[in-house]
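Residue-level structure breakdown
Listed here are the chains, written in short residue letters.
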Amino acid sequence: MRRRSEIESSFAPTEALDPCRAFFLVGIGGAGMSALARMLSHRKFAVAGTDAVSSQETTRLSDEGHDVSIGHSGIPVFAFSQRAEKVALIVTDAIDIDRSPEVAEARKLGIPIFRRSQALGWLLRPYKVIAITGTHGKTTTTGMLGAGLIAAGLDPLVVVGAAVIDWNGPIREGTGKYAVVEACEAYEAYVDIDPYIVVLTNLEPDHLDYHGTYENLRDSMVRFVSKIPPNGGLVYCADDRGAAEVAELTDVRCMPYGLSDTWLQQMSNKFEMGIDAKNTEAGRALSLNLPGDHNRMNATGALTAASLLNTDDLVADLGMVEMGIARFNGAERRLQVLMDGPIAVVDDYAHHPSEISASIQALRQKYPGRRIVVAFQPHLYSRTLEHLNEFPRALDNADFVYITDIYPAREAPIPGVSSVRIAEKLTVPMQYVPSRHLLPRIVKAGLKSGDVVCGMGAGNIHEFPTELIREIERDARSKISVAVIYGGDSSEREVSILSGNCIAKALEKCGYDVEKYDVTELLLRKGSLLEFTGSIRPDVAFLAVHGTHAEDGAVQGLFELLHIPYTGSNIVASALAMDKNRTKQLLSTVGIQVPKGQLVQCTQDEITIQIPAVVKPNQEGSTVGLSFAHTEKELKEGLRKALQYPGGALIEEWVMGMEISVPVLCGEALPPVEICPLDGEYDFANKYTVGATTEICPARMEPDMLFEAQRIALLAHNMLGCSGASRTDMMVRDGEFYVLEVNTLPGMTTTSLLPNSAHAAGIPFERLCQMIVEDAIKRHGAKT
């Protein structure tokens, strides 16, 4: 936004542009600025510019030979000033000049600074300017009138606030004497234009962050139209109360237009030129390419402006004008159909309640009988506050509404102003989606055949329709994509790499599209998660990571934030299971026996557990840092070793007996595995060294004992809230079971317990991996 004081004090006078021969445009990718860049280049001026992000428009400009730098910086300004003379800096009104590095550099170099509207008005001096202004319909009416005059052979310059489909851009150069120009009332940008004719489409309260009140806005408009010379005129919509009020307050000659049956009687004989009812008849009869009553009104305004032109200059063949208007195919983001068929996807700029109502009505005309789904992003906190009651009434004309976050532009949040307040007032079915980045996948999930989906708003909601189409196209893929997440920064990194490699090979054999990602490399070296966003994201993440930052909820939290299905348990279950002491406490509450234990934070703590004892880190993998203490010396050494890991050390009574592990897969307990180290105890080395441990499955127990072990494992799995696959480790002594811990991301190597148990149950490794993937996708689908 611009402040009035800023406009009055921060910019050079327009006449200072006269000696300038090179122009640096800040915000060059915007529709208005890209049009200005092309106008300047066409007139042989040197042009360069910056924009915050790359876009379709910046790419077009670069392809046309313009010097475009992505990212705001003062460096391109300095470089441009070194190779060009008599430089001017032009800024769009979206740029905060107090924070702009380009503006700061220009001031340092003594380069004069101008608004975009100043440069436009300066370039328009040789022309008879037909300025189209108003709260709504400016872009389409400008394009229609331009198309009509082109068809009539007048070859005008046309400058529009959006890319016009027929002209492949927002500007159409011409050799004629007329310029048809969109003139914006926001921040009084139109004061820099000297109009010959003004077309006022309507006037409603808007941009009150700048104007303050509707009366101030109206008076500003009166001052603008009062600049019209005696041989020019004001063409205004008599069906609109605001436009009619402006006409009454100005002394310039006026020509009204409208489509209602009453306006002729109301306005008759009020103005010098009288009323040309033929324009109304022609407007009603026109067969337009664009749908909606509002576009019929826009066409009538364009035709009326051409007839006023014809009154003085006798230059316009109105029949040809009508044909050009009728054939006009619209501008980008003005009910622009991006996909048609059983599902239609439309992009629209509507961001005011009146525009929203008109656009929905037009969609119903174009697609009778079909469900109209609107995804709306409010534009500006101030506008949202002004129209909190009107937005819901307008959106209620749709059949289903998605509301997302407010696009702030340069505004700071206003306390109490939120999209939620609009959502709460809607009476039609709706869903509030706080982040617009989630809109495409959420809307896609709710689509029905025959739906017409329209993204609406003036902010970055324009990205939504294209992304929605890409989401729809994801269904055409022949393979499910799986990201195998492995590596990590825990003490079990190498084990995780082995698991990840085994899983990737198995899934590729099953026909999945597989990519492997070392999560630590991804986050700490590459520093980009682009592959996990938007329509290029994987369908599911297979978590093959182990230990800290892997099984404790950290990596699960990452994929929750990315809204990507992942294998294994959720954040809470993972965090609980990783804390061995807390797990034992919880399991005890449901009657599951656990070894007596003590959590120790330092070597000076009093030890209450007698030897022989088992010492292990409280929050590491099942065998990481594990020690077996037969003596006090071994206990102290084991404690020192375990305390090297974060989370404290757990000292437990040494339950001697048979060690077993019982996996749970997708809610079913698998056969228990008996663990028999060939030498010593079941520590890290014996667990992961091939041939160091004999694993017997099912364990050598009576059937009722096997069943009881499975019951306890399933109870522990459910008590902690685990999902997918888990593994519960136990000791069996004198017919009693003692649970040691629950592992939420069991290893998947050739020596791992879960694959061996699954194999004994008749589930080969490839099928095991496939079941885990299918379970993750199913659970995520149920959640969303």
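Residues numbered from 1 in each chain as written. Predicted model: local features only at pLDDT ≥ 70, side-chain atom pairs only at ≥ 80, totals over all residues. Heavy atoms only, no water.

Right, let's get into the packing of helix H2 (residues 31-42) against helix H6 (residues 116-123). In the contact formed by H2 and H6, the axes pass within 11 Å of each other and the chain directions differ by 40°. For H2 against H6, the interelement crossing comes out left-handed. When H2 is examined against H6, the residues Gly32, Met33, Leu36, Met39 and Leu40 are found in contact with a partner set consisting of Arg116, Ala119, Leu120 and Leu123. By residue class, the composition of the contact of H2 with H6 is seven nonpolar, one polar and one charged. (Axes fitted to C-alpha atoms, helices over the stretch in contact; angles between N-to-C directions. Helix = DSSP H or I, 4+ residues; strand = E, 2+ residues; numbered from the N terminus. Left-handed = near helix turned anticlockwise from the far one by under 90°. Contact = heavy atoms within 4.5 Å. Nonpolar A, V, L, I, M, F, W, Y, C, P; charged D, E, K, R; others polar.)

Time to look at the pattern of salt bridges. Inspection of every chain in the model, using the stated rule, returns 39 salt bridges. Its salt-bridge partner being Arg436, residue Glu463 comes within 2.7 Å of it at the nearest N-O pair. Taken as a pair, Glu463 in helix H20 (residues 463-474) and Arg436 in the loop between strand E17 (430-433) and helix H19 (439-445) lie far apart in primary sequence, 27 residues in all. Take Glu463: its relative accessible area is 36%, and that puts it in the partly exposed class. Residue class for Arg436 comes out buried when judged on its relative accessible area of 15%. The salt bridge involving Arg640 is made with Glu637; its shortest N-O contact spans 2.5 Å. You can see Arg640 and its partner Glu637 sitting in helix H26 (residues 632-642), three residues apart, about one turn around the helix. (Salt bridge = Lys/Arg side-chain N within 4 Å of Asp/Glu carboxyl O. Buried < 20%, exposed > 50% of the residue type's maximum accessible area, 1.4 Å probe, protein only.)

The subject of this paragraph is the packing of helix H9 (residues 214-225) against helix H10 (residues 241-249). The relative placement of two packed helices comes down to the angle between their axes together with the axis-to-axis distance. The interhelical angle for the contact between H9 and H10, taken along N-to-C directions, is 55°, at an axis separation of 9 Å. Between H9 and H10, the interaxial angle falls into the category oblique. Handedness of the H9/H10 crossing: right-handed. In contact with Tyr214, Arg218, Met221, Val222 and Val225 of H9, H10 contributes Gly242, Glu245, Val246 and Leu249. (Parallel < 35°, antiparallel > 145°, perpendicular 65-115°, else oblique.)

The subject of this paragraph is the confidence of the model for the chain. Scored by pLDDT, the chain has a mean of 90; 94% of the residues are at 70 or more. For the chain, helix H11 (residues 263-267) is the element with the lowest average pLDDT, namely 48, and strand E15 (residues 372-376) is the one with the highest, namely 98. Note on residues 266-275: pLDDT is under 50 here. Beyond four places in sequence and across chains, it has 18 contacts. (pLDDT = per-residue confidence, 0-100.)

The subject of this paragraph is the sheet that holds strand E23 (residues 613-617). In spatial order, the strands read E22-E25-E23-E24; together these four strands make up an open sheet with antiparallel pairing. Two strands bound the open sheet, and with one partner strand each, they are strand E22 (597-600) and strand E24 (627-629). Put simply, the sheet's adjacent strands are angled 25° from each other on average, direction ignored. The pairing of E22 with strand E25 (residues 649-653) spans four bridges and is antiparallel. Bridging across to E25, Leu599 finds its partner in Leu650. Docked against the sheet, helix H25 (residues 580-588) engages E22, E23 and E25, running at close to 45° with respect to E25. Along the sheet, H26 makes contact with E22, E23, E24 and E25, crossing E23 at roughly 15°. (Pairing = 2+ DSSP bridges.)

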